[in-house]
Structures are given as C-alpha cells and as structure tokens.
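One-letter residues, chain by chain:
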Amino acid sequence: MRIGFVGLGAMGLPMAGHLIEAGHDVTVASRSRGPIDAALARGAKDGGSPRGVAEASDVVIVCVPNSPEVVEVVDDMLPVLAEGMTIVDCSTIDPEVERAQHVRVSDTGARYLDAPLSGGTAGAHKGVLTLMVGGDTATLAEAEPALAPFSGLIVHVGGPGMGQVVKLCNNLIYAAQMTATAEATAMAVKSGVDMRKLFEVLTHATGDCVAVRTRLPVPGVVPESPASNDWQPGFMTDLMAKDLDLALAYAAKTGVPAATTATARQMLGAAQRAGYGREDFSAVAKVVMAPAGTA
C-alpha cells in the first residue's frame, strides 16, 4: 500500500518505521530535517511537503501537535485530493475543528478519519497504540492495513470527531490520575513510607491505575517510569496541558462541569511555569513535592 506520513515527531517517527517494516511504500514530510533523514535511512521516500506526500499516496496519516497544524496540512493537500484517497488524522485536536476537516476533505471526493492515539512514545515504539476512530466504518475497514502495523487496538467509536471526543475523555482521566498519584506520593514520602511497599499495595488495591503503574513519581521504584529516567517524556507536560485545554473548552460547549479537569490543568500550568513543560507530564509531581518538602 502507498502510505504517506506527515509529522515525524516522537510518536510519528516510530509509527512510520513500523509501516516501512511492514513492507508498505512510505512517503514522508515533517517540519524538521532530522526525523526525515532518519525515516529515509529506514527506507522511506521524501515527499517534500504534505502536498507532495498526498500526491504519492493512497492513504495519508497525519500526526502533528495541534489544531492549526492539522488545518495547515489539510490546506496544503486539498488541491491534490481526489476520490480513492483517504486521510487519517492521528493528532489530538478540537473535535469541532476535526469535523470541519471531515467536510473539507469529503468535498474533494476523498475520505477522512480522525484516529487519535493512546499509548505514548513507548506504545509507538512497540507498535501497540490504541486508536479511537471517528468516521465511516467502511472507510476504516479499507484503511486498517495502514494502521495495523503500529496498533494494538483499533476501535471505531462513532462518526466524525468522535475519536477526538473519546481521546479528550481518556486524557482528562489520565491527568487527574497523575495529579492524585503525585499528591499521594508526596504524603507517603513525607511520612516515611517505603515506596516499594506503597507501589505493591496500590497495584493490588483500589488505588490502582495507569499513572501509578507507569509513572509513580519517585526514582527507582518503576524502572521504566520518567522519574527513574530523568523525567524523559513519554508524553510531554506541554502536550497534556494542550489536551486539557481542549477538554475544558469542549466541556464548556457541552455544558459539562469539569472541576477535576480544571484542577489538573492548574497543576500542569504550575509545572510549565517551573520549567517542566518539555519533561514528562508526571513532572507535575515536582510542583507538589517541593512545597511539601519532599522533592
């Protein structure tokens, strides 16, 4: 299959690598030259621009940071889109902006899916990402060979934009988990609790959650956690903050109170102001632990 990939960031580059390894004809474009060269070294072709990628592809996967960049990519591709082509947006963006892209692309005769991801950079490298897909069922069935090489689970969650809604629901829960995990960890550290014992109890009790299992914010307890690896990002603070801004805006549109989401966003903002924006979002624990005297 001729597959295009636009956006070779921390997620996109390993995703494109899996497509190349699966034997697909992959054409790429990205803002930075380094990731393009890395993809070319693995067997990809340089499309030069989103338009060039679209011209060389039957399916184009987009994985960029925010709503304006998705619109910019679609703007560039739009003149060459036609019947038989499919665009799959794996970015996390505003659901209403995404619905508008469905319409713009469909008007050319091409098809469009929103398919945001969960699993972080670790999931991208392992090829086990979860995709939550909004759009037409038949389009997803035809595009699935272009998604399977980097996916562990692909779920059709509804019509246009619904993938983005489900992704925002997922991330607001994850951010709230991390805020609670940070506060509980600070309390335990200050009280002299053995962190390994805390981890053992939490992972077998009602406090168990993904944030505890993967991001307990003290070094040495979870070897793969950011805290044990100099806070290297599996998912950056800046990106989680962006996603919570989207969640809060969408909650306001739908009339849903979001006090827990707002609190988590405030904590992420404190982490950004402290200089942790490009660290893993679990670095929010550092702004909890510092005033508690447990940093």
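Structure: see above.
Residues numbered from 1 in each chain as written. Predicted model: local features only at pLDDT ≥ 70, side-chain atom pairs only at ≥ 80, totals over all residues. Heavy atoms only, no water.

Novice: Can you help me understand the overall build of the protein chain in this one?
Specialist: Across its full length, the protein chain carries 13 helices and 9 strands. The C-alpha radius of gyration of the protein chain comes to 20 Å, within 12% of the 19 Å expected for a compact globule of 295 residues. Summarising its shape, the C-alpha atoms of the protein chain cover approximately 65 × 45 × 35 Å along the three principal directions. In the protein chain, buried positions account for 51% of the 295 residues. The long-range fraction of contacts in the protein chain, counting pairs at least 24 apart against all pairs at least 6 apart in sequence, stands at 63%. As presented, the protein chain carries roughly 12,500 Å² of accessible surface, and 57% of it is formed by carbon and sulfur atoms. Charge-centre separation for the protein chain: the mean point of 22 positive side chains lies 5 Å from the mean point of 31 negative side chains. (Helix = DSSP H or I, 4+ residues; strand = E, 2+ residues; numbered from the N terminus. Rg over C-alpha atoms; globule rule 2.2 N^0.38 Å. Buried < 20%, exposed > 50% of the residue type's maximum accessible area, 1.4 Å probe, protein only. Contact = heavy atoms within 4.5 Å. Areas by Shrake-Rupley, 256 points an atom, 1.4 Å probe, with all protein chains shown as cover. Lys, Arg positive; Asp, Glu negative; His and termini not counted. Charge placed at Lys NZ, Arg CZ, Asp CG, Glu CD.)

Novice: Is there a simple way to think about the nonpolar core in this case?
Specialist: Side chains that are nonpolar tend, in soluble globular proteins, to be buried together. Met240 and Phe281 are the most contacted members of the largest nonpolar core, which has 33 residues in total. Elements with a minimum of two residues in this core: α8 (162-190), α9 (195-202), α10 (210-215), α11 (237-254), α12 (259-273) and α13 (284-292). Here this core takes 6 residues from α8, the largest share from any one element. With near-sequence residues (within four places) excluded, Met240 lies in contact with Asn171, Tyr174, Ala175, Phe235, Leu268 and Phe281. Of all hydrophobic cores here, the second largest spans 30 residues; its members include Phe5, Met15, Ile20 and Leu117. (Core = buried A, V, L, I, M, F, W, Y, C linked by side-chain atoms within 4.5 Å.)

Novice: For this particular structure, what's the right way to read the pairing of strand β6 (residues 111-114)?
Specialist: The two faces of the sheet receive side chains in turn, since in a regular strand these alternate between them. Of the pairings in the sheet, the one linking strand β5 (residues 86-89) to β6 comprises 4 bridges and is parallel in character. For Thr86, the partnering residue across the bridge sits in β6 and is Arg111. Remark: the β5/helix α5 (residues 95-106)/β6 crossover connection has right-handed handedness. (Pairing = 2+ DSSP bridges. Right-handed = clockwise from strand over helix to strand, strands pointing away.)

Novice: How should I be thinking about the environment of Val221 in this particular structure?
Specialist: Position of Val221 among the secondary structure elements: in the loop between α10 and α11. According to the relative accessible area criterion, Val221 is buried, its value standing at 12%. C-alpha of Val221 to C-alpha of Lys197: the two residues are 24 residues apart in sequence and 9.6 Å apart in space. Not counting the four nearest positions on each side in its chain, Val221 is found in contact with Met195, Arg196, Phe199, Leu216 and Ser228.

Novice: When you look at the packing of α8 against α12 in this model, what are you seeing that I'm missing?
Specialist: Packed helices, taken two at a time, are described by the angle their axes make and the gap between the axes. Running from N to C, α8 and α12 point in directions that differ by 60°, and their axes come no closer than 9 Å. As α8 packs across α12, the resulting crossing turns out to be left-handed. Of α12, the residues touching α8 (which contributes Leu172, Ala175, Ala176 and Thr179) are Thr260, Thr261, Ala264 and Met267. Of the residues belonging to the contact of α8 with α12, the class tally is 5 nonpolar, 3 polar and no charged. (Axes fitted to C-alpha atoms, helices over the stretch in contact; angles between N-to-C directions. Left-handed = near helix turned anticlockwise from the far one by under 90°. Nonpolar A, V, L, I, M, F, W, Y, C, P; charged D, E, K, R; others polar.)

Novice: Before we go on, may I ask you to explain the side chain of Thr139 in this structure?
Specialist: Along the chain, the position of Thr139 falls in helix α7 (residues 137-147). Those residues within four positions of Thr139 in sequence are excluded, and the remaining contacts are Thr86, Arg111 and Leu113.

Novice: What is the right way to read the packing of aromatic side chains from this model?
Specialist: In this description, an aromatic ring pair is defined by two values, namely the gap between the centres and the angle between the planes. What the rule picks out here adds up to 2 aromatic pairs. Ring geometry for Tyr174 and Phe281: centres 5.0 Å apart, planes at 75°, overall edge-to-face. Taken as a pair, Tyr174 in helix α8 and Phe281 in the loop between α12 and α13 lie far apart in primary sequence, 107 residues in all. As far as burial versus exposure is concerned, Tyr174 and Phe281 are alike and both buried. Taking the centre distance of 6.2 Å and the plane angle of 75° together, the rings of Phe235 and Phe281 count as edge-to-face. Taken together, the residues Phe235 in the loop between α10 and α11 and Phe281 in the loop between α12 and α13 connect sequence positions 46 residues apart. Phe281 shares its class with Phe235; the two are buried. Here the guanidinium or amino end of Lys286 rests over the ring plane of Tyr276, the centre of that ring lying 4.0 Å away. (Phe/Tyr/Trp six-rings, centres within 6.5 Å; stacked < 30°, edge-to-face > 60°. Lys NZ or Arg CZ within 6 Å of the ring centre and 35° of its normal.)

Novice: Please clarify how α5 should be interpreted in this entry.
Specialist: Taking 1.5 Å per residue, 12 residues should reach 16 Å; α5 reaches 17 Å between its end C-alpha atoms and fits that length. When α5 is considered as a whole, its buried residues turn out to be Pro95, Glu98, Gln101, His102 and Val105. For α5, the buried positions fall inside an angular range of 110° around the axis, keeping them on one side. With a side-chain oxygen lying 2.7 Å from the backbone nitrogen of Glu96, the N-terminal cap of α5 falls on Asp94. (Expected span 1.5 Å × (residues − 1). Arc of directions from axis to C-beta. Polar contact = N/O pair within 3.5 Å; in protein donor to acceptor, adjacent residues only side chain to side chain.)

Novice: What's the story with the pattern of salt bridges in this structure? I'm lost.
Specialist: Side chains bearing opposite charge may pair, as long as their charged atoms lie close to each other. Evaluated as defined, the whole model comprises 17 salt bridges. The partner of Arg31 in a salt bridge is Glu69, and the shortest N-O contact between them spans 3.7 Å. Here Arg31, found in the loop between β2 (25-29) and α2 (33-41), pairs with Glu69, found in helix α4 (residues 67-77); they are 38 residues apart in sequence, far enough to count as distant. What makes Arg31 exposed here is its relative accessible area of 62%. Residue classification places Glu69 among the buried positions, given a relative accessible area of 18%. Two residues, Glu279 and Lys286, come together in a salt bridge whose shortest N-O distance is 2.7 Å. What makes Glu279 partly exposed here is its relative accessible area of 21%. (Salt bridge = Lys/Arg side-chain N within 4 Å of Asp/Glu carboxyl O.)

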